[in-house]
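Understanding the architecture of this molecule
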Amino acid sequence: MAATILDGNKIAAEIKAEVAQQVRDLTAAGLRPGLAVILAGNNPASEIYVRGKVKSCEELGIHSEKHAPPESVTTAELLHLVRELNRRDEIDGILVQLPLPAQVDSKAVLMAVEPAKDVDGFHPVNVGFLSTQRPGLVPCTPAGIIEILQRSQVAIAGREAVVVGRSDIVGKPTAMLLINHNATVTVCHSKTHDLPGVCRRADILVAAIGRTGMITRNFVKPGAAVIDVGMNKISDRAEFERFFKGNEKREQAFAKNGSTLIGDVHPEVAEVAGALTPVPGGVGPLTIAMLMSNTVKAARLRRGSRLREAALSLERA
Ligand code: NDP
């Protein structure tokens, strides 16, 4: 039986609608959430991502501002900007779009972001909060993966989860969240022996590798839920045909754009898996939705006590 396709666009829209309501409530209490995005230099892909983030803020009523220093920006200048944003009370989230220009010390800039405003959840303080199950800001893509599973009624507790990829941005925090949700978790990487065999143990298989269609059907236990985080671009005709020959919709898109997006999971997995996230339209849309959600969470965590005061004074009035 073909896998149920988990619609990331639909789930992201649900989350955004919930976040928009929270933004309205906070704004009514005088605490409109605010996100500052730093886009240094002129990386075309980053410009597209940042545009998407700013647009989502506008849709949801979150204050947003873009800071776009030139390609020649120095580490000292960026540190100054981050510290300035750390100080401003109406800014709840600070997002440093990566990659930064080559001359910049990216780690130093990311470390300078106040952990309470670190809506990407990359700061070691937030990594520590996640691993010790304390309230904090969780990286967006991993948080989105958990939302997809929960909102699609895929049980996590007690089940075998295998995460392929151990990056600080996706693999590790996803594994940590799955542990926190009581899965039994195995993390794989490029040195793992018998990767297909390990993956076949998974009730939940997360592929965060960055290798076009690498997870084929022999990696997947029949009925497993497969989450495809990979975003790989194919522009070579022969490679396209290897994956999508006979897929009319893809053929049309490829003819029009000269390229198509594919995940780390081979399309044939849809014949074995119980549930599968598509690429595009799976995990990707969740990443922005969770950024919006994190901005509101950051506002609540940092300014929450003032929210309670505002609510009390409204009650008294
Ligand atoms: P990284 O390159 O940082 O990490 C890739 C991981 O995959 C590494 O741990 C690496 O192992 C492992 N790996 C590479 N090759 C193999 C192999 N042959 N067998 C087993 N493991 C392997 O990538 P990211 O985690 O940043 O991203 C992963 C993918 O997810 C990319 O395609 C990226 O574009 C996509 N992505 C999508 C997002 C979304 O919103 N949908 C957001 C972020 C990323 P090792 O550690 O041993 O080198």
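That block above? That's the structure.
These lines cover the structure that appears in this document, whether it is placed above or below. Only a predicted model underlies this, so the values are computations on that prediction, with no experimental measurement involved. Throughout, a residue's number is its position along its own chain's written sequence, starting from 1. Local features in a predicted model are, by the rule used here, given only for residues with pLDDT of at least 70; side-chain atom pairs are given and counted only at 80 or more, and totals for whole chains, interfaces and linings are based on all residues. Excluding hydrogens and water, the side-chain values take into account all heavy atoms of the structure.

Taken N-terminus to C-terminus, the directions of helix α9 (residues 237-244) and helix α10 (residues 248-257) make an angle of 165 degrees; their axes are 11 Å apart at the nearest point. Considering their axes alone, α9 and α10 lie roughly antiparallel with respect to each other. Crossing hand, α9 versus α10: right-handed. From α9, R237, F240 and F244 reach across to α10, where they touch R250, E251 and F254. Grouping the constituent residues of the contact of α9 with α10 by class yields three nonpolar, no polar and three charged. Helix axes are fitted to C-alpha atoms over the stretch in contact, other axes to C-alpha atoms as well, and angles between N-to-C directions run from 0 to 180 degrees. Each helix is a run of DSSP H or I of at least 4 residues and each strand a run of E of at least 2, with the numbering of both proceeding from the N terminus. Should an angle fall under 35 degrees it is taken as roughly parallel, and over 145 as roughly antiparallel, whereas 65 to 115 is taken as roughly perpendicular and any remaining angle as oblique. Here a crossing is called left-handed whenever its near helix is offset anticlockwise from the far helix by less than a right angle, and right-handed whenever the offset is clockwise. In this description, contact between two residues means that some pair of their heavy atoms is separated by no more than 4.5 Å. Residue classes follow a fixed rule: Ala, Val, Leu, Ile, Met, Phe, Trp, Tyr, Cys and Pro count as nonpolar, while Asp, Glu, Lys and Arg count as charged, and any other residue, Gly among them, counts as polar.

We now examine the side chain of K16. Structurally, K16 is set in helix α1 (residues 8-28). For every residue, the accessible area obtained with a 1.4 Å probe (protein chains only) is divided by the maximum for its type, and the residue is called buried under 20%, exposed over 50%, and partly exposed between those limits. A positive count includes Lys and Arg, and a negative count includes Asp and Glu. His and the chain ends are not counted in either. Within this document, salt bridges are pairs made up of a side-chain nitrogen of Lys or Arg and a carboxyl oxygen of Asp or Glu, the two lying within 4 Å of each other. The buried charged residue K16 lacks any salt bridge, with E59 as its nearest oppositely charged partner at 4.1 Å. Not counting the four nearest positions on each side in its chain, K16 is found in contact with S56, E59, L60, I288 and A289.

A few words now on the nonpolar core. Judged by nonpolar contacts, the single largest core of 53 residues is most densely connected at L35, L178 and I227. Residue contributions to this core peak at nine residues, all from helix α11 (residues 283-316). Each domain's extent was defined by an automatic or database domain assignment. Each of two domains, domain 1 (29-115) and domain 2 (140-285), supplies a minimum of three residues to this core. When near neighbours in sequence (up to four residues on either side) are disregarded, L35 contacts C57, I62, H63, S64, E65, G93, I94, L95, V119, L291, M292 and T295. Each nonpolar core is a collection of buried residues, namely Ala, Val, Leu, Ile, Met, Phe, Trp, Tyr and Cys, held together in the definition by side-chain atoms within 4.5 Å. Membership of the second largest hydrophobic core comes to 19 residues, among which are V162, V164, L195 and L205.

None of the figures reported here should be taken as evidence of function without further support.
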